[in-house]
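Per-entry structural report
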Amino acid sequence: MGDTSSNQMWGGRFAAGPDAIMEAINASIGFDKRMAAQDIAGSRAHAAMLAATGILSDSDAAAIREGLLTVLSEIEAGEFTFSTALEDIHMNVEARLKTLIGDAAGRLHTARSRNDQVATDFRLWVRDQIDAAMDGLQALIRALLAQAEAGADWVMPGFTHLQTAQPVTWGHHMMAYVEMFARDLSRLRDARARMNECPLGAAALAGTSFPIDRDMTAQALGFDRPTANSLDAVSDRDFALEFLGAASICAMHLSRFAEELVIWSSAQFRFVTLSDRFSTGSSIMPQKKNPDAAELIRAKVGRIFGANVALMMVMKGLPLAYSKDMQEDKEQVFDAADNLMLALAAMEGMVKDMTANRANLAAAAGSGFSTATDLADWLVRVAGIPFRDAHHVTGTLVAMAEAQGCDLPDLTLAQMQSVHASITEDVFGVLGVENSVASRMSYGGTAPAQVRAQVARWKEVLG
């Protein structure tokens, strides 16, 4: 077993030995080509600044500008040949630029490094994804607002522990998710504001001796300001981690809603009917209509949170400034962004298309002694009984109704008075589910008037 055949263990693509291994492990062009538009935007801003500060001649700057536009058009048209030997998107673009315009291309990299270049490109890319995610969240929130407005007074069970608790309205339940996704929107907005600083000009790690104008490049690329420390600028990936953190929480919210849709669309609940566009049939059971889109949304949080953990692990042991480990920052962020956008779009589509089954919701709202709390509250408010005693009286009445196979409103006044003499005919006014939800007029409560007020508030906020 000691002969040269053991070299075959390298196998396949690594058969050529260490050189091939080094090229494969070092290259990032297979994934960072997704940042081509951002890379070229950064280079155009850098070239314009070099010309404005006299570091680059106007003729070279013009050639670079036109050449970069040609490269971008080739990439967008799918006519660009990417080379693994050139490692990354930056070198691929520069090599093609040299073919197009000659030696002037070599002057583009004056006063910058791939370290500040990639930090800038990646920030621009993440910023674009944040903007897209915020648009997706606003579209989802609008779809939820439409559902809430349509069903502001439709009664349904409210749950704790997935057990019937108190009646709520369909609109109130939809508005709970509006609040959740609005927090996601807020987190993304905060992250965007914090990361909107430009690393370009930090160079490799220490800045540059060339008389560059970092404010000019920052402004050209839509940043609020240049980064204030060159060491931090090239080694910071907090902006990606914040995006992944916000994306993880958002994916968790999407997963919770997806879980409810899976439950609600089941034959046992029949609270909602999902459209055929976001459901599939069974390969063997012709009666089945599976909520596949909801189930896949529910699973996305694993990938997105996994990306968050992966990047945290990449960054946790890195001394300042740049290390090659940081090349491992992009693939998981790209994957998380793709899956977040897909989940947001799918959920928006499901919410817009789904139909709430009002009769089933109402029937379920009145089951499980859902107005027991209303009875206890009435005993306190009208009969003047201490809440703990009222709780006990109500529990006794629930047990009586359960033993007779009926609900609380079906008990007679005499039966109720046998438990507590102070109960009067007026109690039946609070035992209906419609009365129950209408009475919950505290701010943020489930009363239809409160739901409509919240819908109006959010419509005004979104504009």
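What you see is a predicted model, and the numbers here were worked out from it, not measured in a lab.

**Quick notes on the pairing of strand S2 (residues 163-169)**
Two elements, strand S1 (residues 155-160) and S2, share six bridges in a ladder whose sense is antiparallel. What sits directly across from Gly158, in S2, is Gln166. Hairpin remark: S1 followed by S2, antiparallel, with two residues in the connecting loop; positive phi at His161, about 60 degrees.

**Some remarks on the nonpolar core**
One finds Trp170, Leu254, Phe257 and Trp264 to be the most contacted residues of the largest nonpolar core, which totals 81 residues. The element best represented in this core is helix H10 (residues 238-264), accounting for 16 residues. Ranked by size, the runner-up nonpolar core spans 22 residues in total, among them Leu56, Ala61, Val93 and Ala111.

**Details of the pattern of salt bridges**
Counting across every chain of the model gives 22 salt bridges. For the salt bridge of Arg187 with Asp184, the shortest nitrogen-to-oxygen distance reads 3.1 Å. Of this pair, Arg187 and Asp184 both sit in helix H7 (residues 170-195), three residues apart, which is roughly one turn of that helix. Since its relative accessible area comes to 1%, Asp184 is described here as buried. Here the residues in one salt-bridge network are Glu87, Asp88 and Arg114, joined through shared partners.

**Some details on a nonpolar patch on the surface**
Taken together, the side chains of Phe305, Val309, Met312 and Met313 make up a nonpolar region of the molecular surface, amounting to roughly 370 Å² of accessible area. Met312 gets classed as partly exposed once you look at its relative accessible area, which sits at 41%.

What counts and how
Residues numbered from 1 in each chain as written. Predicted model: local features only at pLDDT ≥ 70, side-chain atom pairs only at ≥ 80, totals over all residues. Heavy atoms only, no water. Pairing = 2+ DSSP bridges. Helix = DSSP H or I, 4+ residues; strand = E, 2+ residues; numbered from the N terminus. Core = buried A, V, L, I, M, F, W, Y, C linked by side-chain atoms within 4.5 Å. Buried < 20%, exposed > 50% of the residue type's maximum accessible area, 1.4 Å probe, protein only. Salt bridge = Lys/Arg side-chain N within 4 Å of Asp/Glu carboxyl O. Patch = residues over 30% accessible without salt bridge, like charges linked within 9 Å, V, L, I, M, F, W, Y side chains within 5 Å. Areas by Shrake-Rupley, 256 points an atom, 1.4 Å probe, with all protein chains shown as cover.

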